[in-house]
Amino acid sequence: LPKPVRIALAATDPAIIGQLRKSQDDPQDGVSRVRIQGRVQRVAKQGGLIFVTLRRGLDQMQCLLSGNLSKTYDALTLTRETAMEITGELWEVPSGAHAPLDRELRADYFSIIAKAPGGDEALTTRVPPDGDVQTLLNLRHLTLRHEKPAAIMFVRHVLETSFNTVYKELGCTKVSPPALVQTQVEGGATLFKLDYYDETAYLTQSSQLYLETVLPVLGDVYCIEKSFRAEKSLTRRHLSEYTHIEAELDFIQFDDLLSHLEHVICRVIDLILENPTAAEAIRRFNPEFIKPSRPFLRMRYAEAIDWLRERGILNEEGSDHVFGDDIAEAAERKMTDELNRPVFLTHFPTEIKSFYMLKAEDDQRVTESVDILMPGVGEIVGGSMRTWDYDELLVGYKREGIDPTSYFWYTDQRKYGSTPHGGYGLGTERFLAWLMKLWTVREACLYPRYMGRCTP
Ligand code: 4AD
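Residues numbered from 1 in each chain as written. Predicted model: local features only at pLDDT ≥ 70, side-chain atom pairs only at ≥ 80, totals over all residues. Heavy atoms only, no water.

Q: Could you give me a rundown of the sheet that holds strand β8 (residues 173-174), with the residues and numbers involved?
A: Strands belonging to one sheet form pairs held by backbone hydrogen bonds; the direction of such a pair is parallel or antiparallel. Taken together, the eight strands give an open sheet; going across it, the order is β8-β12-β13-β20-β19-β18-β15-β14, and neighbouring strands pair in mixed fashion. Sheet topology places β8 and β14 (297-300) at the edges, where each strand pairs with a single neighbour. Across two bridges, the pairing between β8 and strand β12 (residues 221-228) is parallel. Bridge assignment links Thr173 to a residue of β12, and that residue is Val221. (Pairing = 2+ DSSP bridges. Helix = DSSP H or I, 4+ residues; strand = E, 2+ residues; numbered from the N terminus.)

Now the structure itself:
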């Protein structure tokens, strides 16, 4: 027998096309035996034949064991997840039959690399795809092998790659700010505190302040880093550790920030959909998905308060919303679900926003701030123009009760060539939850971290 050529299971492998044999009577020149390696996704017995679907990443290939091969002990006791190698000839599947890539590997030899257990210990018994949520999370290392979590992780990869591409197109440079910090960005209530060689340090809530310091160095910048929030409530959209996509833009006005955000989001979605595997996964798990149309609806915070009052949607205390209220998750969800399109919610009151936000020129009660709200998830982006005047920044620290001492490096930015600038942070898991219509952001994480879970 000729020596087999090793091939991948992906449609992109030229060998999948090149080594194809269509019929016994019509052998192509150069057709040879191929060899593939993978884990068993499915086994089906039909008469004297055994159909084995082998999986390598998201790619799959159907293999056919027949004759003496299908009568061997290893073939008859084959279990899901067993790692194996199969050698044979690649054929187009007979008309009417379906298989990944329309190919089937007719085996003339196989060997087991490592067996996986069956019975009570079988993967699908320990973690049935529709199993209880806590069990699935406790065994996340196995749950990930199911089709949906695997597809989500793949789309997440494409999503991150797409952001990198878009920022490259826009001339933004990527940097990597520290995770261990001694300053807060988004309020003391959600800080993870730790002992840092006998000093107090925190896990970063946002890389924003550091990105601002890089504007004079590299121009427009971005980062994709972890942010940490000691969220003390269990909701569908809060994590303790999440991947934060943040960008900071120099010499801009508020309107530029909004146009940039609209462009980035729409372009990222186009790029994700250009990837056939990601597009297929989105179609499969979120069949109603439609690309958002531009321009996004723009609504000022004050208008949103009126909107909520008119519909009798109450605040967390059970009374009508008034100017100055935080719009809580439940009210925000009702709003986004009814509007059913992306919304730029802008001009939040100074009192409910962070110390660094720039006050609007036309109304000093509010800031040049924006949240992007998406149907089904709510806020996916938080951004603003930054206070760039030295004295104004000191007022901001004071208003929020922040001791400016440890912020000397941030304050210095307002001394050495300060500029109008702004930026934003986008929660990767919330964006993915919206894109794939996930019940919770926990499904968007490889190993989710939230109050009560730090394992596996
Ligand atoms: O609105 P946030 O708190 O804004 C900031 O951190 C700014 N400093 C970012 C910036 O301007 N560079 O958070 C930004 C986004 C939110 O819109 C949300 O998508 C996500 O981060 N986020 C969370 N995602 C999951 N779990 C949490 N606990 C999150 N907190 C914020």
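Q: Requested: an account of the layout of surface pockets, with residues and values cited.
A: Space inside the second largest pocket adds up to approximately 1000 Å³. Lining the second largest pocket are 33 residues; nearest its centre among them are Leu58, Asp59, Gln60, Glu147 and Thr277. Ranked by residues supplied to the lining of the second largest pocket, first place goes to helix α9 (residues 276-285) with six residues. A class-by-class count of the residues in the lining of the second largest pocket yields 16 nonpolar, eight polar and nine charged. (1 Å grid on protein atoms, 1.4 Å probe; cavity = no way out; pocket = protein on both sides within 12 Å on 5 of 7 lines; lining within 4 Å. Points joined across faces, edges and corners; volume = space filled by probe spheres on them. Nonpolar A, V, L, I, M, F, W, Y, C, P; charged D, E, K, R; others polar.)

Q: Before we move on, could you go through the pairing of β12 and cite the residues and values that matter?
A: The element β12 is extensively covered by neighbouring structure, given that six of its eight residues are classed as buried. Of the strand pairs in this sheet, β12 and strand β13 (residues 241-250) are connected by eight bridges, and their pairing is antiparallel. For Phe228, the partnering residue across the bridge sits in β13 and is Glu241. (Buried < 20%, exposed > 50% of the residue type's maximum accessible area, 1.4 Å probe, protein only.)

Q: Please give an account of the sheet that holds strand β11 (residues 199-203) that cites residues and values.
A: On the basis of which strands lie adjacent, the open sheet formed by three strands has the order β9-β11-β10 and antiparallel pairing. A single partner strand is all that each edge strand has here, and the edge strands are β9 (180-181) and β10 (192-196). Bridge analysis of β9 against β11 gives two bridges, and the strand direction is antiparallel. Among the inter-strand pairings, Val181 is bridged to a residue of β11, identified as Tyr202.

Q: Requested: an account of the packing of aromatic side chains, with residues and values cited.
A: In the structure shown here, the tally under the stated rule is 16 aromatic pairs. Ring centres of Phe163 and Phe431 lie 5.8 Å apart, and the angle between their planes is 70 degrees; this geometry places the pair in the edge-to-face category. Linking Phe163 in helix α6 (residues 147-169) with Phe431 in helix α14 (residues 428-436), this pair joins segments that are 268 residues apart in sequence. Of the two residues, Phe163 and Phe431, neither departs from the other in class, the shared state being buried. Considering the side-chain rings of Tyr196 and Tyr197, the 4.8 Å spacing of their centres and the 80 degrees angle between planes classify their relative orientation as edge-to-face. A relative accessible area of 35% means that Tyr196 is categorised as partly exposed. Sitting above the plane of the Trp439 ring, Arg236 keeps its charged end 3.6 Å from the centroid. (Phe/Tyr/Trp six-rings, centres within 6.5 Å; stacked < 30°, edge-to-face > 60°. Lys NZ or Arg CZ within 6 Å of the ring centre and 35° of its normal.)

Q: Break down the site of the ligand for me, with residues and values.
A: Surrounding the ligand, one finds 23 residues, the nearest of these being Glu186, Gln208, Glu246, Glu379 and Ile380. Note that an oxygen atom of the ligand is positioned 2.8 Å from one of the side-chain N or O atoms of Arg229. Residue Gly382 places a main-chain N or O atom 3.4 Å away from an oxygen atom belonging to the ligand. Here the ligand loses 94% of its free accessible area of 620 Å² to cover by the protein chains. Within the residue set of the shell around the ligand, elements represented by two or more residues are β13, β19 (378-385) and β20 (421-427). The class makeup of the residues in the shell around the ligand is seven nonpolar, eight polar and eight charged. (Near = heavy atom within 4 Å. Polar contact = N/O pair within 3.5 Å; in protein donor to acceptor, adjacent residues only side chain to side chain. Areas by Shrake-Rupley, 256 points an atom, 1.4 Å probe, with all protein chains shown as cover.)

Q: For the pattern of salt bridges, give the residues involved together with the corresponding values.
A: Summed over all chains, the structure comprises 31 salt bridges. The salt bridge partner of Glu262 is Arg298, with a shortest N-O separation of 3.8 Å. Of this pair, Glu262 sits in helix α8 (residues 254-274) while Arg298 sits in strand β14, and the two are 36 residues apart along the sequence. Here Arg298 falls in the partly exposed class, since its relative accessible area comes to 37%. Put simply, Arg55, Arg80, Glu81 and Arg145 are held in one network by salt bridges that share partners. (Salt bridge = Lys/Arg side-chain N within 4 Å of Asp/Glu carboxyl O.)

Q: I'd like a description of the environment of Met374, backed by residues and values.
A: Turning to its location among the elements, Met374 is positioned in strand β18 (residues 369-374). Between the alpha carbons of Met374 and Arg333 there is a distance of 8.7 Å; along the sequence they are 41 residues apart. If sequence neighbours within four positions are ignored, Met374 has contacts with Ile265, Thr336, Pro342, Ile380 and Trp434. (Contact = heavy atoms within 4.5 Å.)

Q: Explain α9 to me, using residue names and the numbers behind them.
A: Along α9, the residues classified as buried are Ala278, Ala279, Ala281, Ile282 and Phe285. Looking straight down α9, one finds that the buried residues subtend no more than 160 degrees of arc, so they occupy a single side. Exposed and facing more than 90 degrees away from the buried side of α9 are Pro276 and Arg283. In this structure, the buried residues of α9 make contact with α6, α8 and α14. For α9, the N-terminal cap is Asn275; the gap from its side-chain oxygen to the backbone nitrogen of Thr277 is 3.0 Å. (Arc of directions from axis to C-beta.)

Q: Describe the packing of α8 against α14, naming the residues involved and giving the relevant values.
A: One way to put it is that α8 packs onto α14 with a least axis distance of 13 Å and a crossing angle of 60 degrees. Here α14 runs oblique to α8, going by the angle between their axes. The way α8 lies across α14 gives a crossing that is right-handed. Where α8 approaches α14, its residues Ile265, Val268, Ile269 and Ile272 are matched on the opposing element by Phe431, Trp434 and Leu435. Taken together, the residues of the contact of α8 with α14 break down into seven nonpolar, no polar and no charged. (Axes fitted to C-alpha atoms, helices over the stretch in contact; angles between N-to-C directions. Parallel < 35°, antiparallel > 145°, perpendicular 65-115°, else oblique. Left-handed = near helix turned anticlockwise from the far one by under 90°.)

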